[in-house]
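# Architecture at a glance
The primary structure of each chain is shown beneath.
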Amino acid sequence: MSKHLLIDGRNILYRAVYAHHSERNHEVKYHCLVIYLRQIVNWINQFNPTAVSVFWDAPRITVWRKRLLTTYKNRASSQYVLNLGELLAENGAIVKEALSILNVRQYERPQMEADDLIYAASCVLHPKSTIIVSTDSDLIQIPYMISTASVYDPQKARIVNVPKHHPAYVKALSGDKADSIDGYKGIGPKKCDALLDSHEKLQVFLEDRGRETYHRNLLLTDLSLNPRLHVNKLYVQRVLGTSVCYDKDKMTELIRKYKIVGMDSQYANLVHPFIRLT
């Protein structure tokens, strides 16, 4: 049975750029593309997928959720994220160009986040096995809803356990600091569990504290409520129907064009695993 590796493109790019930015152990730094491909090759070798897909976010300021909450993912002064915007843009363009000639399908739509398209792809590919690679906790809801999906956290190097309660419902109550989403004051993990264990208790709580925050946060966090989900599924089906491309000559040209430090010495290990993908 076929197995699809679904990669959160920007999430993994951030890890590569951060590693490059922080590298002090070697006199010569490897290019971000080398670090990026090394990550993917590790997962290809670990999970042996038949296909690899990479999903990209639309520019944050254009994302549809901004219309619901103007402060959504406002990370200008966040303690959680190092600002690597220019490096991400520069290296992201190179990574996308490389993946386009390495048998990898890429997905990107106006106003959509990678999460939206990964969920759509998981729905379309079911009952085929899908492994989602990301550190983004928003994606944990996918295996909660789709039994053939799993999330691999590259930071913890393990498959994430499926939680007891729907993660979007938890965030609808407690909020999500990482995405600048406020929840109900005084509601943490334990109180969330108690409320979600009992439909009656949840309804009493919402009657008392108001439903507006809960409903808004569900729209922000529950991927199944995306108003463009149907269109996203059609888009995924269209991309899945296209042929992938492996072009050795163009890859050699790209390495020279961008002076990819470290690629020549690791070419076989970093490029050859992509040949077998379909």
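Residues numbered from 1 in each chain as written. Predicted model: local features only at pLDDT ≥ 70, side-chain atom pairs only at ≥ 80, totals over all residues. Heavy atoms only, no water.

## Considering a nonpolar patch on the surface
Residues Leu68, Leu219 and Leu225 make up a contiguous nonpolar surface patch of roughly 220 Å² in combined accessible area. For Leu219, a relative accessible area of 35% puts it in the partly exposed group. (Patch = residues over 30% accessible without salt bridge, like charges linked within 9 Å, V, L, I, M, F, W, Y side chains within 5 Å. Areas by Shrake-Rupley, 256 points an atom, 1.4 Å probe, with all protein chains shown as cover. Salt bridge = Lys/Arg side-chain N within 4 Å of Asp/Glu carboxyl O. Buried < 20%, exposed > 50% of the residue type's maximum accessible area, 1.4 Å probe, protein only.)

## Some words on the packing of aromatic side chains
This model, assessed by the stated rule, comprises five aromatic pairs. Centroid distance Tyr184 to Phe205: 5.0 Å. Interplanar angle 75°. Geometry classified as edge-to-face. Taken together, the positions of Tyr184 in the loop between strand S8 (181–182) and helix H7 (189–197) and Phe205 in helix H8 (residues 199–209) put the pair 21 residues apart, joining distant regions of the chain. Among the residues examined, Phe205 registers a relative accessible area of 11% and is labelled buried. Ring-pair connections join several aromatic residues into one group, and the members of that group are Phe55, Tyr107 and Tyr235. (Phe/Tyr/Trp six-rings, centres within 6.5 Å; stacked < 30°, edge-to-face > 60°. Helix = DSSP H or I, 4+ residues; strand = E, 2+ residues; numbered from the N terminus.)

## A look at the packing of helix H3 (residues 85–99) against helix H11 (residues 248–258)
Axis angle and axis distance: for two packed helices, these are the angle between their axes and the distance between the axes, and together they describe the pair. Here H3 crosses H11 at 165°, and the two axes come no closer than 10 Å. Looking at the two axes, H3 sits roughly antiparallel to H11. The chirality of how H3 crosses H11 is left-handed. Residue-level contacts link Ile94, Glu97 and Ala98 of H3 to Met251, Leu254, Lys257 and Tyr258 of H11. (Axes fitted to C-alpha atoms, helices over the stretch in contact; angles between N-to-C directions. Parallel < 35°, antiparallel > 145°, perpendicular 65-115°, else oblique. Left-handed = near helix turned anticlockwise from the far one by under 90°. Contact = heavy atoms within 4.5 Å.)

## Section: the environment of Asp222
With respect to the helices and strands, the residue Asp222 is situated in the loop between helix H9 (212–221) and helix H10 (229–240). Here the alpha-carbon distance between Asp222 and Gln141, two residues 81 residues apart in the chain, equals 7.9 Å. In contact with Asp222, other than residues within four places in its own chain, are Gln141, His166, Ala168 and Tyr169.

## Details of the packing of helix H1 (residues 9–22) against H3
Look at H1 against H3: their axes get within 10 Å of each other, and the N-to-C directions meet at 115°. The hand of the H1/H3 crossing is right-handed. Listed contacts from H3 to Arg10, Leu13, Tyr14, Val17 and His21 of H1 are Leu87, Leu88, Asn91, Gly92 and Val95.

## A few points about the sheet that holds strand S6 (residues 158–159)
Here we have six strands laid out as an open sheet, ordered S3-S2-S1-S4-S5-S6, and mixed in their pairing. With partners counted over all chains shown, the strands left at the sheet margins are strand S3 (104–107) and S6, one partner each. Here five bridges tie strand S1 (residues 3–8) to strand S4 (residues 129–133), and the two strands are oriented parallel to one another. Note on S4: the bridge partner recorded for His4 is Thr130. Across the sheet, helix H4 (residues 114–125) is in contact with S1, strand S2 (51–55), S3 and S4; its angle to S1 comes to roughly 170°. (Pairing = 2+ DSSP bridges.)

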